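Chain by chain, the residues run as shown.
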Amino acid sequence: KAGVTQTPRYLIKTRGQQVTLSCSPISGHRSVSWYQQTPGQGLQFLFEYFSETQRNKGNFPGRFSGRQFSNSRSEMNVSTLELGDSALYLCASSPGANYGYTFGSGTRLTVV
Amino acid sequence: LAKTTQPISMDSYEGQEVNITCSHNNIATNDYITWYQQFPSQGPRFIIQGYKTKVTNEVASLFIPADRKSSTLSLPRVSLSDTAVYYCLVGDYTGNQFYFGTGTSLTVIP
């Protein structure tokens, strides 16, 4: 059974650019959530999608957005990149309510 | 939002049982308690989830007292490979389950 797949694994972008990260959840999992992890702030929740609808949202600026497609695959977009956006971005999927989440290996984004 | 409190760090010798306690005084009726393990530069890995009493799987046990204001993750006979950060989360699908605290950094000593 394939796990949660995130692409790309590593990414280097310049300040002011935008970036799109992709996440393919485990087959059958309809909930996809995104996190940002940095040494200073730890694991911070970005948003959660369920059946193509954003169901929960963390406390991040509007530059961070996401979407989920009908096949449950999800993308997150960060516009106007800042140096502080450098982080490990993690995606996780779950079959539904009150089940644990399975995380991907993450995308390491470096903004220079 | 059910906030969790865990010890920042713990040390243990190989072969010992390790118990990590998490306080969640404001846990709601619908909230589940979930524990994750994370190694450096990897995503967290689901360990165990419970609602009340005791839950056991092949890697850990989770003890939850009747008032559910705390929970204890028990790792039997730890090995060096159990050195990781352990997170306790409480919540349900409405949103709380997404908030990770600082976690407990467990170091297993030979």
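Reading guide: rules and limits
- Residues numbered from 1 in each chain as written.
- Chains lettered and ligands numbered in written order.
- Predicted model: local features only at pLDDT ≥ 70, side-chain atom pairs only at ≥ 80, totals over all residues.
- Heavy atoms only, no water.
- Phe/Tyr/Trp six-rings, centres within 6.5 Å; stacked < 30°, edge-to-face > 60°.
- Helix = DSSP H or I, 4+ residues; strand = E, 2+ residues; numbered from the N terminus.
- 1 Å grid on protein atoms, 1.4 Å probe; cavity = no way out; pocket = protein on both sides within 12 Å on 5 of 7 lines; lining within 4 Å.
- Points joined across faces, edges and corners; volume = space filled by probe spheres on them.
- Nonpolar A, V, L, I, M, F, W, Y, C, P; charged D, E, K, R; others polar.
- Salt bridge = Lys/Arg side-chain N within 4 Å of Asp/Glu carboxyl O.
- Buried < 20%, exposed > 50% of the residue type's maximum accessible area, 1.4 Å probe, protein only.

**Q** Give a detailed account of the packing of aromatic side chains, specifying residues and quantitative values.
**A** This structure, assessed with the given rule, holds 12 aromatic pairs over all chains. When the centroid spacing of 5.5 Å and the interplanar angle of 70° are considered together, the rings of A:Phe45 and B:Tyr99 count as edge-to-face. Of this pair, A:Phe45 sits in strand β5 (residues 42-50) while B:Tyr99 sits in the loop between β8 (84-91) and β9 (104-109), each in a different chain. Put simply, the rings of A:Tyr35, A:Phe45, A:Phe103, B:Tyr36, B:Phe46, B:Tyr87, B:Tyr99 and B:Phe100 touch in pairs and so form one group of aromatic residues.

**Q** Break down the layout of surface pockets for me, with residues and values.
**A** A probe as big as a water molecule, rolled over the atoms, marks out the empty space that is left. Reported here for the largest pocket is a volume of approximately 460 Å³. In terms of lining, the largest pocket is formed by 23 residues, of which the most central are A:Gln37, A:Thr38, A:Gly42, B:Gln38 and B:Tyr87. The set of elements that each furnish at least two residues to the lining of the largest pocket consists of β4 (31-38) and β5 of chain A together with β8 and β9 of chain B. No other element matches the three residues that β8(B) contributes to the lining of the largest pocket. Here the lining of the largest pocket is built from residues that sort into 10 nonpolar, 12 polar and one charged.

**Q** A description of the pattern of salt bridges should follow, citing residues and the corresponding values.
**A** Residues and elements named next belong to chain A. Within this structure, the stated rule accounts for five salt bridges over all chains. Between Glu 48 and Arg 55 there is a salt bridge, with the nearest N and O atoms lying 2.6 Å from each other. The partly exposed category is assigned to Arg 55, whose relative accessible area is 31%. In this structure, Glu 75 and Arg 73 form a salt bridge, with 3.4 Å as the shortest nitrogen-oxygen distance. Residue classification places Glu 75 among the buried residues on the basis of a relative accessible area of 16%. We classify Arg 73 as partly exposed; its relative accessible area is 24%. Taken together, the shared-partner salt bridges connect Arg 63, Glu 82 and Asp 85 into one network.

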